[in-house]
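As a plain string of letters, each chain reads:
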Amino acid sequence: GAVVSQHPSRVICKSGTSVKIECRSLDFQATTMFWYRQFPKQSLMLMATSNEGSKATYEQGVEKDKFLINHASLTLSTLTVTSAHPEDSSFYICSARREFKAFFGQGTRLTVV
Amino acid sequence: AQSVTQLGSHVSVSEGALVLLRCNYSSSVPPYLFWYVQYPNQGLQLLLKYTSAATLVKGINGFVAEFKKSETSFHLTKPSAHMSDAAEYFCAVSDGQGGSEKLVFGKGTKLTVNP
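Definitions and limits used
- Residues numbered from 1 in each chain as written.
- Chains lettered and ligands numbered in written order.
- Predicted model: local features only at pLDDT ≥ 70, side-chain atom pairs only at ≥ 80, totals over all residues.
- Heavy atoms only, no water.
- Pairing = 2+ DSSP bridges.
- Helix = DSSP H or I, 4+ residues; strand = E, 2+ residues; numbered from the N terminus.
- Axes fitted to C-alpha atoms, helices over the stretch in contact; angles between N-to-C directions.
- 1 Å grid on protein atoms, 1.4 Å probe; cavity = no way out; pocket = protein on both sides within 12 Å on 5 of 7 lines; lining within 4 Å.
- Points joined across faces, edges and corners; volume = space filled by probe spheres on them.
- Buried < 20%, exposed > 50% of the residue type's maximum accessible area, 1.4 Å probe, protein only.
- Contact = heavy atoms within 4.5 Å.
- Salt bridge = Lys/Arg side-chain N within 4 Å of Asp/Glu carboxyl O.
- Nonpolar A, V, L, I, M, F, W, Y, C, P; charged D, E, K, R; others polar.
- Phe/Tyr/Trp six-rings, centres within 6.5 Å; stacked < 30°, edge-to-face > 60°.

1. Concerning the sheet that holds strand β8 (residues 76-81) of chain A
All names here are of chain A. Pairing in this open sheet of four strands is antiparallel, and the strands run β1-β3-β8-β7 from one edge to the other. What marks the edges here is a single partner per strand, and that holds for β1 (4-7) and β7 (67-73). The average angle at which neighbouring strand axes cross in this sheet is 15°, direction not considered.

Laid out in structure tokens, this is it:
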């Protein structure tokens, strides 16, 4: 099956710094990728839809200036959490669409201290 | 708006016992329903999906789910649990057949299988 790789799997950063998370489709080209966030004991919530070569579409309540998404190529989307705060600590998961199916990365555990 | 409720954040069964993971949905349009499994340190994998073709859906690893419109449910079952089934399971609803449109997930159910 298709493989989506997410990096890093875990990251700890200091409050106020920025963190970049990468999502790569390893064996296929993905024109659309999705970014989800999961707080402890909560559902995965869609944050934004990333479209190659165009601006991301953010869900209501998600700050686009805080969560910067770049989808510059057909195999890579990045999510940058800017000026991170402890409340941004969460599990972030990306997915990529291929032939009308969604394939997920393994997720990134972000801890802001 | 669509939503999913998974009853029970943790389910524990003995090896060889029946597995039942509950999922109820809410949707204003005919739903597409999915079950995903996540093993530790891995991404979500699709177990099975319902797309209105048949109410009883067979997935991988011996899992089956039944769509019941009258009960707005899509419960996941497996007749005999195996140790390798220990994982977290997510039910999801979408208005797109392939899961390529926005997926709305439940909170997940962690399955523990005891020897």
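That was the structure; now back to the text.
2. Looking at the layout of surface pockets
Looking at the largest pocket, its volume works out to about 800 Å³. For the largest pocket, the lining is made up of 27 residues, of which Q38, F91 and R109 of chain A together with Q38 and E88 of chain B are closest to its centre. Looking at the lining of the largest pocket, the elements that each hand over two or more residues are β9 (87-94) and β11 (109-114) of chain B. With three residues, the single largest contributor to the lining of the largest pocket is β9 of chain B.

3. Let's talk about the side chain of D85 of chain B
Residue and element names in this part refer to chain B. As for its placement among the helices and strands, D85 is situated in the loop between β8 (73-78) and β9. Classification of D85 as buried rests on a relative accessible area of 2%. What D85 contacts, discounting residues up to four positions off in sequence, is F63, K78, S80, L111 and V113.

4. Observations regarding the pattern of salt bridges
Scanning all chains against the criterion turns up three salt bridges over all chains. The salt bridge partner of D88 of chain A is K66 of chain A, with a shortest N-O separation of 2.8 Å. Within this pair, whereas D88 of chain A is found in the loop between β8 and β9 (90-98), its partner K66 of chain A is found in the loop between β6 (57-58) and β7, the two being separated by 22 residues in sequence. Residue K66 of chain A is classed as buried on the basis of its relative accessible area of 12%. K78 of chain B is the partner of D85 of chain B in a salt bridge, and the nearest nitrogen-oxygen pair spans 2.9 Å. As far as the burial class goes, D85 of chain B and K78 of chain B line up, both buried.

5. As for the interface of chain B and chain A
Counting from both sides, the interface comprises 16 residues of chain B and, opposite them, 18 residues of chain A. Taken together, the connections running from chain B to chain A amount to zero salt bridges. Among the residues making up the side of chain B that touches chain A, the classes are represented as five nonpolar, eight polar and three charged.

6. A look at the packing of aromatic side chains
Evaluated as defined, the whole model comprises 13 aromatic pairs over all chains. Relative to Y92 of chain A, the ring of F67 of chain A lies with its centre 6.4 Å away and its plane at 40°, an arrangement referred to as tilted. With F67 of chain A in strand β7 and Y92 of chain A in strand β9, the pair connects residues that are 25 residues apart, well separated along the chain. Per residue, the accessibility class of F67 of chain A equals that of Y92 of chain A, and both read buried. Through a chain of ring-to-ring contacts, three or more aromatic side chains come together here, namely Y36 and F104 of chain A together with F34, Y36, F90 and F105 of chain B.

7. A short note on the pairing of strand β7 (residues 64-68) of chain B
Regular strands have side chains that alternate between both faces of the sheet. Residues and elements named next belong to chain B. Here β7 shows one buried face, formed by A65 and F67, and one open face, formed by V64, E66 and K68. Judged from the three bridges that link them, strand β6 (residues 56-58) and β7 form a sheet pairing that is antiparallel. Pairing of L56 across the sheet is with E66, part of β7. Hairpin connection between β6 and β7: a loop of five residues separates the two successive antiparallel strands, and N61 in this loop has a positive phi of roughly 60°. Examined bridge by bridge, β7 and β8 share five bridges and lie antiparallel to one another. When the sheet's bridge partners are listed, V64 is paired in β8 with T77. Here β7 hands over to β8 after four residues, with T72 in that stretch at a positive phi of 45°.

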